Amino acid sequence: MKFFIDTANLDQIKEAQDLGILDGVTTNPSLMAKEGITGEENIKKHYQKICEIVDGDVSAEVISTTYQEMIKEGKALAKLHEQIVVKVPMIKDGVKAIKYFSDNRIKTNCTLVFSAGQALLAAKAGATYVSPFIGRLDDISTDGLSLIQEIRLIYDNYGFATQILAASVRHTMHVIDCAKIGADVMTGPLSSIEGLLKHPLTDIGLEKFLADFKKGNQK
């Protein structure tokens, strides 16, 4: 399973990259605004900075909602860097745009997916990634992980190449559960990734090893 980090914070992206397990980055207008990145040109420059840090795909979201405007905006984003993946919302014109981008060899990430039917449409249109938001489904007392299972079954049934990118991952168990189910990618905050490092028995064991080593060298 690929590990993406869902942020626009350059320091966090660098930290994840230095860990040696980062495969890509996802962002959205809300994450950009959180870092104080506003204005079209500043946002484009920020995407380029992210691409300079990581080796993998970087999702850059269109803010248009009509077909022609999404095509125009998506083309401009794709020209920024070869690693850019155009992030398109799951709406009617978005599906049309994904088909256009797919036909023109521009990678896409279909975002704001909340049903298996939406994921099926995205795959039929040729999306590179589909992003079901599992955390937001959990927020409304719906099992987000079951959606990943449904999409996995459908994609495997028909051999769709679209990768399932589990989005809105909130914590470490989300990561583990997505890996069990067979999500191709997860994207979440740095904390959800670093949480995988932690176990109390590891801390206790290391403390004992170091204490025993210290004792042995004092003799």
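Residues numbered from 1 in each chain as written. Predicted model: local features only at pLDDT ≥ 70, side-chain atom pairs only at ≥ 80, totals over all residues. Heavy atoms only, no water.

## Describing the overall build of the protein
- Check the secondary structure of the protein and you find 11 helices and 8 strands.
- Taking the principal axes of its C-alpha atoms as reference, the protein extends roughly 75 × 40 × 30 Å.
- Within the span of the protein, comprising 219 residues, buried residues form 45% of the whole.
- Contacts in the protein between residues at least 24 apart in sequence constitute 56% of all its contacts with a sequence separation of at least 6.
- Taken as a whole, the protein presents about 11,600 Å² of accessible surface, with 53% of it coming from carbon and sulfur.
- Across the protein, the centroid of the 25 positively charged side chains sits 2 Å from that of the 28 negatively charged ones. (Helix = DSSP H or I, 4+ residues; strand = E, 2+ residues; numbered from the N terminus. Buried < 20%, exposed > 50% of the residue type's maximum accessible area, 1.4 Å probe, protein only. Contact = heavy atoms within 4.5 Å. Areas by Shrake-Rupley, 256 points an atom, 1.4 Å probe, with all protein chains shown as cover. Lys, Arg positive; Asp, Glu negative; His and termini not counted. Charge placed at Lys NZ, Arg CZ, Asp CG, Glu CD.)

## Remarks on helix α1 (residues 10-19)
- The opening residue of α1, the one whose side-chain oxygen lies 3.0 Å from the backbone nitrogen of Asp-11, is Asn-9.
- Directly beyond the C-terminal end of α1, a positive phi value near 90° is found at Gly-20. (Polar contact = N/O pair within 3.5 Å; in protein donor to acceptor, adjacent residues only side chain to side chain.)

## Observations concerning the nonpolar core
- Ranked by internal contacts, the top residues of the largest apolar core, which has 57 residues, are Ile-13, Val-25, Val-54 and Ile-84.
- Look past the residues within four positions of Val-25 in its chain and what remains in contact with it is Phe-4, Ile-5, Thr-7, Ile-13, Ile-50, Val-54, Asp-57, Val-58 and Ser-59. (Core = buried A, V, L, I, M, F, W, Y, C linked by side-chain atoms within 4.5 Å.)

## Some points on the packing of aromatic side chains
- Going through the model one piece at a time under the given rule, you end up with 5 aromatic pairs.
- Plain terms: the ring middles of Phe-114 and Phe-133 are 5.7 Å apart, the flat faces sit at 50° to each other, and that makes the pair tilted. A residue pair is termed long-range when its members are at least 10 positions apart, and Phe-114 in the loop between β5 (108-113) and α6 (116-125) and Phe-133 in the loop between β6 (129-132) and α7 (134-139) qualify at 19 residues.
- Look at Phe-114 and you get partly exposed, because its relative accessible area is 32%.
- Ring centres 6.3 Å apart and planes at 55° place the aromatic pair Tyr-158 and Phe-160 in the tilted group.
- A relative accessible area of 22% means that Phe-160 is categorised as partly exposed.
- Within the aromatic cluster, the residues linked to one another by ring pairs are Tyr-155, Tyr-158 and Phe-160. (Phe/Tyr/Trp six-rings, centres within 6.5 Å; stacked < 30°, edge-to-face > 60°.)

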